[in-house]
Amino acid sequence: MKLSITEELLQGIYNFLEATHKGFDLFAPRTFKDAIYPDLFLLKREYIRRRSRNDFRQFLYYLKKKGYIKPRRVGRIQGVCLTPEGAAKILTMQWKSKQKEKRKDGKLLMVMFDIPEKQKPLREILREALRYLGYEQFQKSVWLCPYDVEKETEEVFQQYDLREYARLFLIERIPT
């Protein structure tokens, strides 16, 4: 089976790490049984290596199939390029894992945006990012958040170049 450029590069990284770990096998903790039967110990280690190599290939295939990475060749150099979908996925994973704290001053963050129909995917990415940051939809393009995520919201605006389409406000209360 021929590996793609992406798989070759990441496989090279994996092989380097694996070779580094092989050097530490001499000092790896062993059970009494492993000490008595060193061939069995080495056989078990090799099985684990092959299994993890296969898992790594499957993971690369998954990333490529989902569109998070794509192979790129610049001259003679092979590489992997993170797609916008991949970058968005990384950001959402970071936001999900981060604990959000409510603002101490009791104010709300408000995001208002008007993204043209030609850039609908960008609008959907923004809405998903706002959901992950803890914003609630007030109107179609007006979102409110009680959490202290001002910095993260600014990062979203900057990363996706939304300055001309979106604004961030700090409000004390919503008039009824």
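Structure: see above.
Residues numbered from 1 in each chain as written. Predicted model: local features only at pLDDT ≥ 70, side-chain atom pairs only at ≥ 80, totals over all residues. Heavy atoms only, no water.

Student: Can you help me understand the overall build of the protein in this one?
Tutor: For the protein, the helix and strand inventory stands at 6 helices and 6 strands. Secondary structure elements of the protein occur, N-terminal to C-terminal, as α-α-α-β-β-α-β-α-β-β-α-β. The buried share among the 176 residues of the protein stands at 32%. Counted over contacts in the protein with a minimum sequence separation of 6, partners at least 24 positions apart contribute 61%. Accessible area for the protein stands at about 12,900 Å²; split by element, carbon and sulfur atoms hold 57% of it. (Helix = DSSP H or I, 4+ residues; strand = E, 2+ residues; numbered from the N terminus. Buried < 20%, exposed > 50% of the residue type's maximum accessible area, 1.4 Å probe, protein only. Contact = heavy atoms within 4.5 Å. Areas by Shrake-Rupley, 256 points an atom, 1.4 Å probe, with all protein chains shown as cover.)

Student: Please clarify how the pairing of strand E1 (residues 69–74) should be interpreted in this entry.
Tutor: Each regular strand displays side chains that alternate between the two surfaces of the sheet. In terms of strand pairing, E1 meets strand E2 (residues 77–82) through 6 bridges, oriented antiparallel. The residue bridging Val-74 from the neighbouring strand is Ile-77, located in E2. Hairpin connection between E1 and E2: a loop of 2 residues separates the two successive antiparallel strands, and Gly-75 in this loop has a positive phi of roughly 65°. (Pairing = 2+ DSSP bridges.)

Student: Is there a simple way to explain the pattern of salt bridges in this structure?
Tutor: Between side chains of opposite charge, a pair can form as their charged atoms come close. For the structure shown, the criterion picks out 8 salt bridges. In this structure, Asp-105 engages Arg-103 in a salt bridge whose closest nitrogen and oxygen atoms are separated by 3.1 Å. Among the residues examined, Arg-103 registers a relative accessible area of 15% and is labelled buried. Of the charged contacts in the structure, one is a salt bridge between Glu-124 and Arg-127, with a shortest N-O distance of 3.2 Å. Of this pair, Glu-124 and Arg-127 both sit in helix H5 (residues 120–133), separated by 3 residues, roughly a single helical turn. Residue class for Glu-124 comes out partly exposed when judged on its relative accessible area of 35%. Beyond isolated ion pairs, a larger network of salt bridges with shared partners links Arg-103, Asp-105, Asp-148 and Glu-150. (Salt bridge = Lys/Arg side-chain N within 4 Å of Asp/Glu carboxyl O.)

Student: Sorry if this is basic, but what is going on with unusual backbone geometry here?
Tutor: When glycine is set aside, most residues are seen to have a negative phi, and most peptide bonds are trans. With a phi close to 55°, Asp-161 is a non-glycine residue in the positive phi region. Relative to the assigned elements, Asp-161 resides in the loop between helix H6 (150–159) and strand E6 (166–171).

Student: How should a nonpolar patch on the surface be read in this particular structure?
Tutor: Among the surface-exposed residues, Phe-32, Ile-36, Tyr-37, Leu-40 and Leu-43 lie close enough to one another that they form a single nonpolar patch of about 580 Å² accessible area. Mapped onto the elements, Phe-32 comes out in helix H2 (residues 32–36). (Patch = residues over 30% accessible without salt bridge, like charges linked within 9 Å, V, L, I, M, F, W, Y side chains within 5 Å.)

Student: For this particular structure, what's the right way to read the nonpolar core?
Tutor: Across soluble globular proteins, nonpolar side chains have a tendency to be buried as a group. Judged by nonpolar contacts, the single largest core of 22 residues is most densely connected at Phe-113, Leu-126, Tyr-135 and Leu-162. The dominant element in this core, judged by the number of residues it contributes, is H5, at 5 residues. Judged by nonpolar contacts, the second largest core, of 5 residues, contains Leu-108, Met-110, Val-142 and Leu-144. (Core = buried A, V, L, I, M, F, W, Y, C linked by side-chain atoms within 4.5 Å.)

Student: I would appreciate a short explanation of the sheet that holds strand E3 (residues 108–113) in the present structure.
Tutor: Within a beta sheet, neighbouring strands are joined by backbone hydrogen bonds and run either parallel or antiparallel to one another. Across the sheet, 4 strands lie side by side as E4-E5-E3-E6; this open sheet has antiparallel pairing. Each end of this open sheet is capped by a strand with a single partner; those strands are strand E4 (136–139) and E6. Here the average twist between neighbouring strands, direction ignored, is 30°. Together, E3 and strand E5 (142–145) form the strand contacts of H5, whose direction differs from that of E3 by roughly 170°. Against the sheet, H6 touches E3 and E6, its axis set at about 170° to E6. (Axes fitted to C-alpha atoms, helices over the stretch in contact; angles between N-to-C directions.)

Student: Help me out: how do you make sense of helix H3 (residues 38–66) in this one?
Tutor: Every α-helix winds through 3.6 residues per turn, so residues three or four apart in the chain are directed the same way. With 29 residues, H3 extends 42 Å between its outermost C-alpha atoms, agreeing within 8% with the 42 Å of an ideal straight helix rising 1.5 Å per residue. Taken together, the buried positions of H3 are occupied by Phe-41, Arg-49, Leu-60 and Leu-63. Just beyond H3, the residue with positive phi is Gly-67, at close to 85°. (Expected span 1.5 Å × (residues − 1).)

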